[in-house]
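Coordinate inspection notes
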Amino acid sequence: DAGITQSPRYKITETGRQVTLMCHQTWSHSYMFWYRQDLGHGLRLIYYSAAADITDKGEVPDGYVVSRSKTENFPLTLESATRSQTSVYFCASSGAATYEQYFGPGTRLTVT
Amino acid sequence: GESVGLHLPTLSVQEGDNSIINCAYSNSASDYFIWYKQESGKGPQFIIDIRSNMDKRQGQRVTVLLNKTVKHLSLQIAATQPGDSAVYFCAENIWLGGGADGLTFGKGTHLIIQP
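All figures in this text were calculated on a predicted structure; none of them were measured in a lab. The numbering scheme is per chain: residues are counted from 1 as the chain's sequence reads. Working convention: letters from A go to chains and numbers from 1 go to ligands, in the order in which they are written. At least 70 in pLDDT is required for a residue's local features to be given in this predicted model, at least 80 for side-chain atom pairs to be given and counted, and no such filter applies to totals for whole chains, interfaces and linings, which use all residues. Side-chain numbers come from the whole structure's heavy atoms, not from hydrogens or water.

1. Description of the overall build of chain B
Each helix is a run of DSSP H or I of at least 4 residues and each strand a run of E of at least 2, with the numbering of both proceeding from the N terminus. The secondary structure content of chain B amounts to zero helices and ten strands. Moving toward the C terminus, one meets the helices and strands of chain B in the order β-β-β-β-β-β-β-β-β-β. In terms of C-alpha radius of gyration, chain B reaches 14 Å, essentially the compact-globule figure of 13 Å for 115 residues. Referenced to the eigenvectors of the C-alpha coordinate spread, the extents of chain B come out at roughly 50 × 30 × 25 Å. Partly exposed describes any residue whose relative accessible area lies between the buried limit of under 20% and the exposed limit of over 50%, with all areas from a 1.4 Å probe on protein chains only and scaled to the type maximum. Residue burial in chain B is summarised as follows: out of 115 residues, 43% are buried. Sequence separation of 24 or more characterises 53% of the internal contacts of chain B that already satisfy a separation of 6 or more. The quantity called the radius of gyration is restricted to C-alpha atoms. Its globule counterpart is 2.2 Å times the number of residues to the power 0.38. Whether two residues are in contact is decided by their heavy atoms: any pair within 4.5 Å suffices.

Structural data, given as structure tokens:
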């Protein structure tokens, strides 16, 4: 099915472990984004990418790492998970000539 | 309505009534605005957008109004249905740097439809 997908949809991990959240889009969109959504904070930008091999920090990048070796994939890695990273994570993409972003279904991450 | 920095407001309306959700945006230089709908357990979904050279835009059962003088955006939903129950976010464009444009989002308003 075309669109933007995220995996896993749910993840429980322990403090200190590394975890990678996957994002895949089939539109060949140039831009991809990672957000976290927490009650009281809305959607906050973690990292974004303007094209393959081009990534940059957003509002809350500490503790996260991204890569973009292929246009369609934009994985987000928590190198050493902390409880404060318990959140719902959304990946989004947009074309080069538009501001509209298309969101994936989200990954609910719990760090114990 | 919603405003950055506050708890998530709630709007409760009767099924069949019209709903109006408000949003105060921050950047007078923003030239593009979007309303998103987020149902429980799902990602935000695009509803309607408007550019700063317009003050009104209509879609199917939805209308967005833009008042640049007071930096205010509203979403009107006509004849609300149970499926309209969701959290609604407004977003405005921002310059991220490095040649990238992005969006900044409001906190959201929870719309509840009463039967």
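2. Remarks on the interface of chain A and chain B
Between chain A and chain B, the contact holds 19 residues from the first and 22 residues from the second. Accessible area, probed at 1.4 Å, shrinks when two parts are joined; the buried area is that loss added up over both. Together chain A and chain B conceal approximately 1,700 Å² of surface at their shared face, both sides included; 60% is due to carbon and sulfur atoms. We define a salt bridge as a contact between a side-chain nitrogen of Lys or Arg and a carboxyl oxygen of Asp or Glu at a distance within 4 Å. The interface formed by chain A and chain B includes zero salt bridges. Mapped onto the side of chain A that touches chain B, the elements with two or more residues apiece are strand S4 (31-38) and strand S5 (42-51) of chain A. In terms of residue count, S5(A) provides more of the side of chain A that touches chain B than any other element does, five residues in total. Polarity classes work like this: nonpolar for Ala, Val, Leu, Ile, Met, Phe, Trp, Tyr, Cys and Pro, charged for Asp, Glu, Lys and Arg, and polar for all others, with Gly in that last group. Residues belonging to the side of chain A that touches chain B are distributed by class as follows: eleven nonpolar, six polar and two charged.

3. A short note on the state of the cysteines
Residue and element names in this part refer to chain A. By disulfide we mean two sulfur atoms from cysteines, separated by a distance within 2.5 Å. A complete count under the given rule lists two disulfides over all chains for this structure. Paired by a disulfide, Cys23 and Cys91 hold their sulfur atoms 1.9 Å apart. Because the torsion about its S-S bond is -75°, the bridge between Cys23 and Cys91 counts as left-handed. Of the two residues, Cys23 sits in strand S3 (residues 19-25) while Cys91 sits in strand S9 (residues 87-94), which places them 68 residues apart along the sequence.

4. Looking at the packing of aromatic side chains
Pairing of aromatic side chains requires ring centres within 6.5 Å, counting the rings of Phe and Tyr and the six-membered ring of Trp. Pairs whose planes differ by under 30 degrees are stacked, by over 60 edge-to-face, and all others tilted. For the structure on display, the rule yields twelve aromatic pairs over all chains. Summarising the aromatic geometry, the rings of Tyr35(A) and Phe105(B) are spaced 5.4 Å apart at their centres and angled 90° between planes, so their arrangement reads as edge-to-face. Placement of Tyr35(A) in strand S4 and of Phe105(B) in strand S9 (residues 100-105) is noted, with the two residues assigned to different chains. Per residue, the accessibility class of Tyr35(A) equals that of Phe105(B), and both read buried. Within the aromatic cluster, the residues linked to one another by ring pairs are Tyr31(A), Phe33(A), Tyr35(A), Phe90(A), Phe103(A), Tyr36(B) and Phe105(B).

5. Notes on the nonpolar core
Definition of nonpolar core: a set of buried residues of the types Ala, Val, Leu, Ile, Met, Phe, Trp, Tyr and Cys, connected through side-chain atoms within 4.5 Å. The biggest cluster of nonpolar side chains holds 22 residues, and the ones touching the most others in it are Phe33(A), Tyr35(A), Phe103(A), Tyr36(B), Leu103(B) and Phe105(B). Only S4, S5 and S9 of chain A together with strand S3 (32-38), strand S8 (86-97) and S9 of chain B provide two or more residues apiece to this core.

6. Let's talk about the sheet that holds strand S7 (residues 64-66) of chain A
All names here are of chain A. Pairing in this open sheet of four strands is antiparallel, and the strands run S1-S3-S8-S7 from one edge to the other. Pairing within the sheet leaves two strands with one partner each, and these edge strands are strand S1 (4-7) and S7. Each adjacent strand pair in this sheet contributes to an overall mean axis angle of 20°, direction not counted. Any two strands with at least two DSSP bridges between them are considered paired. Pairing of S3 with strand S8 (residues 76-78), which is carried by three bridges, proceeds in the antiparallel orientation. Bridge pairing links Leu21 to Leu76 in S8. Lines fitted to the C-alpha atoms define the axes, with helices restricted to the stretch that makes contact. Angles between their N-to-C directions range from 0 to 180 degrees.

7. Focus: the environment of Ile12(A)
Residues and elements named next belong to chain A. If you trace the backbone, Ile12 turns up in strand S2 (residues 10-13). Ile12 gets classed as exposed once you look at its relative accessible area, which sits at 64%. Each C-alpha atom of the pair Ile12 and Leu39 lies 19 Å from the other, and the pair is 27 residues apart in sequence. Apart from the residues lying within four places of it in its own chain, the contact partners of Ile12 are Thr110 and Thr112.

8. Quick notes on the side chain of Ser87(A)
Residues and elements named next belong to chain A. Mapped onto the elements, Ser87 comes out in strand S9. Polar contacts here mean pairs of N or O atoms no more than 3.5 Å apart (in protein, one a potential hydrogen donor and the other a potential acceptor; neighbouring residues in sequence count only if both atoms are side-chain atoms). Looking at Ser87, its side chain comes within polar contact range of the main-chain oxygen of Gln37, at 3.1 Å. In contact with Ser87, not counting residues within four places along its chain, are Arg36, Gln37, Asp38, Thr107, Arg108 and Leu109.

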